[in-house]
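Below are the chains, spelled out letter by letter.
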Amino acid sequence: MNNDPLDKFKKIYKENPSISKHRGRTTEADTRANVIDRVIHEILEWPRACVDREPFANPGFIDYLFTQGRPVLLLEAKAEGEYFIMPYKKNPRRNYKISGSLTTDKAINSAISQVQRYCSDIGCRFAAVTNGFTYIIFRAISEGRPWKDGQAIIFNDYNDIVSNFTEFWNLLSYEAVKDGKLDNEFRLHSSRIRSFYRPIEYIVDSDATYERNPFNAALRPFLDQFFGDIANQETVDVLKSCYVYSRPIQAIDKSLNLSIRDEIPKFVSIAKQIQLNDERDGGSVGEKIQKTIIGRPANGAVVLIMGGIGSGKSTFCKRFFKIVASDIIEENGPAMLLFLDFLGAPDNPDQLNSHLWDTAANSIKRSNPSYVKRKKLEEIFQADIQIIEEIYANDKNIDEKINDKILSLYENGKKFVESALYYSAKNEKLPIVVFDNVDQLNFNSQIQIFTSAHNLSSNFGCLSIIVLREESYSTAIMKKHLTAYTVHPFHLSSPKFDILLKLRINLAVREAVNRADNKDAKEEEKLYAGIVQLFGLLRESILGKNKNIIRLVSSIAYGNMRLALDLFNSFITSGATNVLKILNAYKESGNYVVPFHEFIKSVMLGDYRYYKEERSLIFNLFNTTKHTNSSHFTALRILQYLHAKGKGKSDDFINLQPLLTDIVDVFKNESDCKQTILNLISVDRQLVELDSRRPDTLDGASSARITASGIYYLQFMVNSFQYCDLVWHDTAFSQRGICDEMKSLIHKTDMEIRFNRVEKFLDYLEREEIQELAEQGIDADIPFFCGPFIPNVKKYYLKEKGLISNKLGI
């Protein structure tokens, strides 16, 4: 006689083929008598004295109650005529979060809820639900957290149990339960809040900086003038020479399978794309302004110019009115410009209102000199003066009263602006009011500006131009604050960084040459000659020979030209960049290619000797949040999920809820997952993009996609030796001993020690990853988004280590 439990199990199901054929859809009585009873006693070897049938529990009767001096497990057989519909997975897994996709089937949800109530009534910690085909085991009573936040262990069907019979036996057999296997298994799946230790927090010189490179002071004026925000420069030369005509970006990098896009978001599909070229450099906005000037509608118009962060919206407007259409806002032109910048404006409603009128008044007075002359002021305030003349017609002090009235109206921002706008419109001079940097205000203040812009158009026939980011417009649409207004939206795409950088380097080189020619002192000549050489070799190296750097900057910036220029400037000014060494190497050979690893190091550190994420332009993928079950790999798992799901699709936005459900089902880390997504979408990060385009909240977003920046981090940055050798400074280690060991190596510069500490870091991460996957029971059949990631990182590290070692002769 064969006593092997697995053979017995196979025999039972062979004798009852309808169980598998109908996926458990037989009568409860048949299932219990022919299958479940036999599995309990013949296979799992529970003594009959330890199994109570049909004991009462409010509000019904329990099918099976397993006891070992106390209730240890409650099992419910599925009701007649129903079967389990498990969440479909190409590769079914063992663990599901109870409150997640597992309970989307009403029958499963009902059975689980029923048996949990029984457990609560009699004080039994563990429960199982089965129809003889599928087994669902879970912890029904959890201390310190809702029971539905826990995991259920699933054996999907007969084949699953046969293939994993040892696991099935070691969980539910009499001896296993007696030995506490259920307690151990579900203890592993309990929530973990661990202490973490960051090496950067345990060194005394964590804020130590490099000495400034000797060219820093001389370079600073060039960087400020040519590699910063050119919108606010008074001269038009930079705007003329450095402006890049905007077209929708669709740059493809086949080696990384990524695309850098800046397209019109779906939520504003009615917007017109502002496409510029030499013949049409005002684009569709320019045409709208010209038509409004000619048509001069009684109620004016409201135009909205939106674009991504750092796409050049302010620069477009400044350039348009300073260069492209400067003639229309001249003293005798057909329009009058009021440029209102709300950067730094107060968010208090009353203060914001005063700021608006005072800024508008100052703009009129500054750009229209005649409007501050007595003769023009008499024309502007004619109606008010006429009232005084009628009241005080015989008063000998009438001139003094008129003067006082004009001064009072002139100093009252709101009165002056309203009178000036009315006067301008009456004299067929269209008032154009630009509201710039509106998105710098809080949402309620933005709504106040929208209302003011609409009122100026309606009451004074103004053309109001509102400049803001896409996500601000998305929020206003979502909250229905713009539905009452007629708005003409336009979208501005970001320029390509390589074109932008080339133009700016060329202008900087010309300026440095001019300064060198105009200097008599030999030392200054040498200094400017060095700057000319530096910019020249950077242009040749970055734009020509080392495409990896342009790819890094373009990918990470993802259309944010402000961030792209910050990355470039950070390399030039960083104390980690040895400018003298670069120039000497260039002079000796007439050639120099900026090494990729040196560029990464400089932009990661800036002026500091040690990496700290909060002050760096580069994101730490291995960072952890402070939430329950936080992980070094949550960011990588989210990026992997979005990349795998969106690959090859024309619309690669992925629904957020399945993403959260799938990851949380496995790792029970909902808060950690949401916080990590917020970190990934934040300004100057944007590894992930929401369909709302908002960088600060998940509110209003239903889907997300990985950006070129996210793909770059996922496929390249995480595998870089230099990246791994810096991010560990500010990575939270779960063990103080490892933190202290890494801390002791942080000041070392010897390459072999650097190799050693990166290997220690990767070994630590690998242990963490293996442990996490094993705790969730997925060490064999790993879902596509779970990794493992570190083996691949190690593979690329070893390859790079070999190249570096050969180069240095180690």
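Residues numbered from 1 in each chain as written. Predicted model: local features only at pLDDT ≥ 70, side-chain atom pairs only at ≥ 80, totals over all residues. Heavy atoms only, no water.

Peer 1: Just to check I follow, could you spell out the sheet that holds strand β8 (residues 135–139) for this structure?
Peer 2: What the 7 strands build is an open sheet, ordered β1-β4-β5-β7-β8-β9-β6; its pairing is mixed. Two strands close off the open sheet at either side, each with one partner strand: β1 (51–53) and β6 (95–97). Recorded for the sheet is a direction-independent mean angle of 25° between the axes of neighbouring strands. In this fold helix α6 (residues 165–172) packs onto β5 (71–77), β8 and β9 (151–155), with an angle of close to 130° to the strand it touches most, β9. (Pairing = 2+ DSSP bridges. Helix = DSSP H or I, 4+ residues; strand = E, 2+ residues; numbered from the N terminus. Axes fitted to C-alpha atoms, helices over the stretch in contact; angles between N-to-C directions. Contact = heavy atoms within 4.5 Å.)

Peer 1: What's the story with unusual backbone geometry in this structure? I'm lost.
Peer 2: For residues besides glycine, phi is generally negative; the peptide bonds are generally trans as well. Here the amide bond leading from Gly787 into Pro788 is cis, since omega sits at -5°, within 30 degrees of zero. Mapped onto the elements, Pro788 comes out in the loop between α32 (751–775) and α33 (790–808). Even without being a glycine, Glu54 presents a positive backbone phi close to 60°. The topology assignment puts Glu54 in the loop between β1 and β2 (56–57). Look at Glu54 and you get partly exposed, because its relative accessible area is 39%. (Buried < 20%, exposed > 50% of the residue type's maximum accessible area, 1.4 Å probe, protein only.)

Peer 1: Even after reading the chapter, I still don't get the pattern of salt bridges, so can you show me in this structure?
Peer 2: Within this structure, the stated rule accounts for 20 salt bridges. Across the pair Asp207 and Arg615 runs a salt bridge, and its minimum N-O distance is 2.7 Å. Residue Asp207 is located in the loop between α8 (181–188) and α9 (216–226), and its partner Arg615 is located in the loop between α25 (596–605) and α26 (634–646); the two are separated by 408 residues in the primary sequence. We classify Arg615 as partly exposed; its relative accessible area is 25%. (Salt bridge = Lys/Arg side-chain N within 4 Å of Asp/Glu carboxyl O.)

Peer 1: Got a minute to help me understand the packing of α9 against helix α23 (residues 561–573) in this structure?
Peer 2: When two helices pack together, their arrangement is given by the angle between the helix axes and by the axis-to-axis distance. At a minimum axis distance of 11 Å, the contact between α9 and α23 shows a crossing angle of 165°. Here α9 is positioned roughly antiparallel relative to α23, judged by the angle of their axes. Classified by chirality, the crossing of α23 by α9 is right-handed. Residues Asn216, Leu219, Arg220 and Leu223 of α9 form the contact with α23, whose participating residues are Asn569, Ile572 and Thr573. Of the residues contributing to the contact of α9 with α23, the split by class is 3 nonpolar, 3 polar and 1 charged. (Parallel < 35°, antiparallel > 145°, perpendicular 65-115°, else oblique. Left-handed = near helix turned anticlockwise from the far one by under 90°. Nonpolar A, V, L, I, M, F, W, Y, C, P; charged D, E, K, R; others polar.)

Peer 1: Sorry, what's going on with the nonpolar core here?
Peer 2: Generally speaking, soluble globular proteins have nonpolar side chains that are buried together. Of all hydrophobic cores here, the largest spans 116 residues; its most connected members are Phe227, Phe497, Phe535, Leu538 and Leu621. Top contributing element to this core by residue count: helix α20 (residues 497–517), with 9 residues. Setting aside residues up to four positions removed in sequence, Phe497 forms contacts with Ile550, Val553, Ser554, Met561, Ala564, Leu565 and Phe568. Ile380, Ile388, Ile447 and Tyr473 belong to the second-largest nonpolar core, a separate cluster that totals 44 residues. (Core = buried A, V, L, I, M, F, W, Y, C linked by side-chain atoms within 4.5 Å.)

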